[in-house]
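# Examining the three-dimensional arrangement
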Amino acid sequence: MSLICEVGKTQLIKHGEVTCGDSVEIVRNSDETVVVLSDGLGSGVKANILSNLTTKIISKMVSSHVPLQDIVETIISTLPVCSVRNVAYSTFSILKITPEGHVEIIDFDGLPPILISNGFVEVVERTGEDVLGKQINHAQLQLKEGDYLLITSDGVTEAGLGLTLPMGLQTSGLVKALKENVTLRDSAQDLVDQVIGICMSYYINEPGDDTTAVAIHMRQARECVILTGLPIDKKDDSTMVEEFLKTKGRKIICGGTTAQVFARESGRELEASNVGELSDEVPPISRINGIDLVTEGIITMNYCSKLLKENPSSTISMPINGATMLLQELLSADRITIFFGTQVNEAYEQIKPGIRLRSTVIETLTAQLQQLGKEIIIHRY
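So, here's what we can say about the structure.

### Focus: the sheet that holds strand β7 (residues 120-123)
Pairing is antiparallel in the open sheet, where 5 strands are placed in the order β1-β11-β10-β6-β7. Strands with a single pairing partner mark the edges of an open sheet, and in this sheet they are β1 (3-12) and β7. Across the sheet, the mean angle separating the axes of adjacent strands is 20° when strand polarity is ignored. Note: β1 against strand β11 (residues 211-220), 10 bridges, orientation antiparallel. Its bridge partner lying in β11, valine 7 is registered against isoleucine 216. Most of the contacts of helix α5 (residues 188-202) go to β1, to which it runs at about 25°, and overall it touches β1, β6 (114-117), β10 (148-152) and β11.

### Overview of the environment of isoleucine 49
With respect to the element layout, isoleucine 49 can be found in helix α1 (residues 44-63). Taking relative accessible area as the criterion, isoleucine 49 reaches 52% and is therefore assigned exposed. It is 9.6 Å that separates the C-alpha atoms of isoleucine 49 and cysteine 20, two residues lying 29 residues apart in sequence.

### Some points on the nonpolar core
The nonpolar side chains of a soluble globular protein tend to be buried, and buried together. Residues Ile226, Ile252, Leu326, Leu327, Leu330, Ile336 and Ile338 are the most contacted members of the largest nonpolar core, which totals 27 residues. For this core, the secondary structure elements donating two or more residues are β12 (223-228), β13 (250-254), α8 (298-308), α9 (322-332), β17 (335-340) and α11 (358-371). What isoleucine 226 contacts, discounting residues up to four positions off in sequence, is Phe244, Ile252, Cys254, Leu330, Ile336, Thr337, Ile338 and Phe339. Membership of the second largest hydrophobic core comes to 24 residues, among which are Tyr148, Leu174, Val192 and Ala215.

### Re the sheet that holds strand β9 (residues 134-142)
One open sheet holds the 6 strands; their spatial order is β2-β3-β4-β5-β9-β8, and the pairing between them is antiparallel. With partners counted over all chains shown, the strands left at the sheet margins are β2 (22-28) and β8 (127-131), one partner each. Here the average twist between neighbouring strands, direction ignored, is 15°. In this structure, β2 lies alongside strand β3 (residues 33-40), joined through 7 bridges in antiparallel fashion.

What counts and what doesn't
Per chain, residues are indexed from 1 in the order of the written sequence. For this predicted model, a pLDDT threshold of at least 70 governs which residues receive local features, and a threshold of 80 or more governs which side-chain atom pairs are given and counted, while totals over whole chains, interfaces and linings are taken from all residues. Derived side-chain values reflect all non-hydrogen atoms in the structure, with water molecules and hydrogen atoms excluded from consideration. Two strands are counted as paired when DSSP detects at least two bridges linking them. The helix count covers DSSP runs of H or I at least four residues long, the strand count covers runs of E at least two residues long, and both are numbered beginning at the N terminus. To get an axis, a line is fitted to the C-alpha atoms, and for a helix only the part in contact is used. The angle between two axes follows their N-to-C directions and goes from 0 to 180 degrees. Only heavy atoms enter the contact rule, under which two residues are in contact if any of them lie within 4.5 Å. Working definition: with a 1.4 Å probe on protein chains only, accessible area under 20% of the residue-type maximum means buried, over 50% means exposed, and in between means partly exposed. Working definition of a nonpolar core: buried Ala, Val, Leu, Ile, Met, Phe, Trp, Tyr and Cys residues. They are joined through side-chain atoms within 4.5 Å.

Laid out in C-alpha cells, this is it:
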C-alpha cells in the first residue's frame, strides 16, 4: 500500500465571538498535499475575512502551480498593515508535502512547526529571508511513515495566558505537553483533538484567543469503495459490479435496488440486518457477505451530507444508523472511489419532497469530503 499524508485540524473560537479568526485550507492533487494556515489579526468577523482571504488566495495560486516565491511576494504585497501595531493583518504558514514525504515549509510571522518522530518531539529549525521588507521563514525536511508534523496559531502557545499560566503555554510548554500528556493513536485528527483539549483546560473552557491546531501524519492510505445507483444501460450491471469488487478498499453499497442488482450479479444473498437503531429519518441497513456496509441510497446519503455540514471529527456521540455508519466510513477513509450508476430515480421527488437526487447529493458529498482533504475518484455508468 502507498503512503498518504493525513491531515487533521481542530479549532476553538475566542470566547464571546461567533466565528473563528483563523482559517485553514487543504489542497490535494496527485503530486502534493498543500496545507495553509492563516491567523487574522484580532478576532471575530474581520479576522475571519482576512485569514480566509489569505488561505483562499494561497491555495488558488498553489492549485495553479504558481511558484511558492511568487505566492509569498503576492501575499506580502497584498496584505494590509495595521497602522497602530505596524503588523500585517494576517499571518500564514504553508506546508507543501509530496507523496514521498518531502515537506517544504514557508511562513510569515507564524509559529515554528513541531516534528514528532520515533518518540522524539522537536521544534523544526527555520531560516529567515527578507522578502519585500518582511521576514519569511523557510524549512525543509523528510517525513517517514509514522511521523507527525504539527502547526498551530498563537492561540495554542498563548493558552492560559494570565490565567493558569503567567506567560501562556508557549512553544516550550507545547513540546513538554506533547511529550508527557499526548498519546499517539495513528491519527492526525486525534492528535490535534488532544492538543486543543489541553489548550481548553488551560483556558478554563473560555478561550482567550482563536485557537487552531493542524497536524499531518504520514501513514498507509485507508481506502473505501462505494457502489450506488444503476447504470443507464442494464448491460453494464455486471461490469460495474466486477470493477467495484476488484477495487481495493472497504466495500460499501448505498441503495436498495443497487444492493439487489449486486446480489444478483455476484450470486450473494441480500439479508436484513439487526445492526443499528430504528430511526424515523434513516432507513435500516442490510447485509451482504463480504460487503462492509449496505445502506439505503438517496435518503441515507442526504442525511449523511447533512451531518457532514456540522463538520464532525467522529460519530462517537451519534446514534448508530445507516447515515452515521456511512459517515464514519467516509471520515476514516483517505481515498474514496465511487462507482456511480447514473440512471435517475424520479420517484424520490414524490416520496420525500426536498430530498436531492443521487447525482446532486453525490456532487455535494464530493465537495464536502474534498474540503476535508479526501481524494475522491468517481466512475460513472
